[in-house]
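Examination of the molecular architecture
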Amino acid sequence: MLTFIGLGLYDEGSITREGEAALQAADRVFAEFYTSRLLGADVDDLEAHHGIEIEVRDRAGVEQDPEPILQAAENGDAVFLTAGDTMISTTHADLRVRAADRGIDTRVIHGVTAETAASGLTGLQNYRFGKAVTLPFPGLHESGDVPPSVIDAIDANRERGLHTLVYLDIKVDSHRELSALDTDDPYMTADHAAGLLANDWEDELAVVVARAGSPEPVVAADRLSALAERSFGDPLHLLVIPGELHHVEADALESLAGAPESLLPTESDR
């Protein structure tokens, strides 16, 4: 059996009870933290809390050389851990397919995701989100500050009245990649991202969600140009570019995120 378990968003206590039980029953436990990670706990914290040993794999060790994981699942019960949910933004469907092709039973135990947290914390309705995008560091691509694919996706969502969830780049597994950036911080911050997007949508409303899943998350709504001038503390951060707002969503952004009234639809617009 190969069981994929999402650890949730913040620390060693964010996992579900079902996931915790599967961890206790596993013969071997693998994990990756190159797509995302828990900011409230490291590997030592997870091992101590759950009484397990974790074998951390880098990107190549999961995508190019998954054999140790598959062999462990053939010979016993193996678990594969990621932050968030293993089959959403940190998708590992390829590993699951490889296991199934070898006759290995698989199971997915879901965890809370940034997508659901963004909806819950901002008050924006989850079914009104369109295609999500990831905003990469400019130093890691050759398409200007913001790749055209990101701009096109946001514009397409806006034309349909849909919100856009913008994941912010994380580079934690490559010193070479970090050397290409004009920063020592491997986590893109929301103010940095807002500054990049303000080149195309300077005065548009956006919402920052910082440290979702932590005891004290931050949610702030304002113009992109204004958000670019603020600091939102420790990672992880993400941005939401709202589309058309239902009156309940507008009220939520004003009450929960401090959105300026001037950026929200008026009663006549509703």
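None of these values were measured; they are calculated from a predicted model.

1. Re the pairing of strand 7 (residues 164–168)
Counting buried residues in strand 7 gives five out of five residues, a clear majority hidden from the surface. Side chains Thr 164, Val 166 and Leu 168 project from strand 7 onto one buried face, and the interleaved Leu 165 and Tyr 167 project onto a second face that is buried too.

2. Focus: helix 2 (residues 43–50)
Since there are 3.6 residues in each turn of an α-helix, residues three or four apart along the chain are aligned in direction. Taking the backbone nitrogen of Asp 44 as reference, a side-chain oxygen 3.1 Å away marks Asp 42 as the first, capping residue of helix 2. Positioned one or two residues after helix 2, Gly 51 has a phi angle of 65 degrees, which is positive.

3. Looking at the sheet that holds strand 9 (residues 218–223)
Overall, mixed pairing links the five strands, which are arranged 6-7-10-8-9 in an open sheet. The two strands at the open ends of the sheet, each matched to only one other strand, are strand 6 (133–135) and strand 9. Averaged over neighbouring strand pairs, the angle between their axes works out to 25 degrees when direction is ignored.

4. So, the packing of aromatic side chains
Considering all chains together, one arrives at one aromatic pair under this definition. Where Phe 4 meets Phe 80, the ring centres are 5.9 Å apart and the plane angle is 70 degrees; that geometry is what we call edge-to-face. Note that Phe 4 is positioned in strand 1 (residues 2–6) and Phe 80 in strand 4 (residues 78–82), a separation of 76 residues in sequence. Judged by its relative accessible area of 0%, Phe 4 is buried.

5. Structural notes on unusual backbone geometry
A cis amide bond links Pro 235 with the next residue in sequence, Leu 236, at an omega value of 0 degrees. Within the secondary structure, Leu 236 is located in the loop between helix 10 (224–227) and strand 10 (237–241). Positive phi is not limited to glycine here, since Arg 211 has a value of about 60 degrees. Along the chain, the position of Arg 211 falls in the loop between strand 8 (205–210) and strand 9. Looking at Arg 211, the relative accessible area reads 19%, which means it is buried.

6. Some details on the pattern of salt bridges
Inspection of every chain in the model, using the stated rule, returns nine salt bridges. One salt bridge in this structure joins Glu 74 and Arg 102, with 3.0 Å as the shortest N-O distance. Of this pair, Glu 74 sits in helix 4 (residues 67–75) while Arg 102 sits in the loop between helix 5 (93–101) and strand 5 (106–109); the two residues are 28 residues apart in sequence, bridging distant segments of the chain. Glu 204 is the salt-bridge partner of Arg 158, the closest N and O atoms lying 3.4 Å from each other. Pair noted here: Arg 158 is in helix 7 (residues 148–159) and Glu 204 is in the loop between helix 9 (190–201) and strand 8, with a separation of 46 residues, a long-range link. Note on Arg 158: relative accessible area 27%, which makes it partly exposed. When salt bridges with common partners are traced through the structure, they connect Glu 67, Glu 74 and Arg 102 into a single cluster.

What counts, and where the lines are drawn
Residues numbered from 1 in each chain as written. Predicted model: local features only at pLDDT ≥ 70, side-chain atom pairs only at ≥ 80, totals over all residues. Heavy atoms only, no water. Buried < 20%, exposed > 50% of the residue type's maximum accessible area, 1.4 Å probe, protein only. Helix = DSSP H or I, 4+ residues; strand = E, 2+ residues; numbered from the N terminus. Polar contact = N/O pair within 3.5 Å; in protein donor to acceptor, adjacent residues only side chain to side chain. Pairing = 2+ DSSP bridges. Axes fitted to C-alpha atoms, helices over the stretch in contact; angles between N-to-C directions. Phe/Tyr/Trp six-rings, centres within 6.5 Å; stacked < 30°, edge-to-face > 60°. Salt bridge = Lys/Arg side-chain N within 4 Å of Asp/Glu carboxyl O.

These figures come from the coordinates and say nothing about function on their own.
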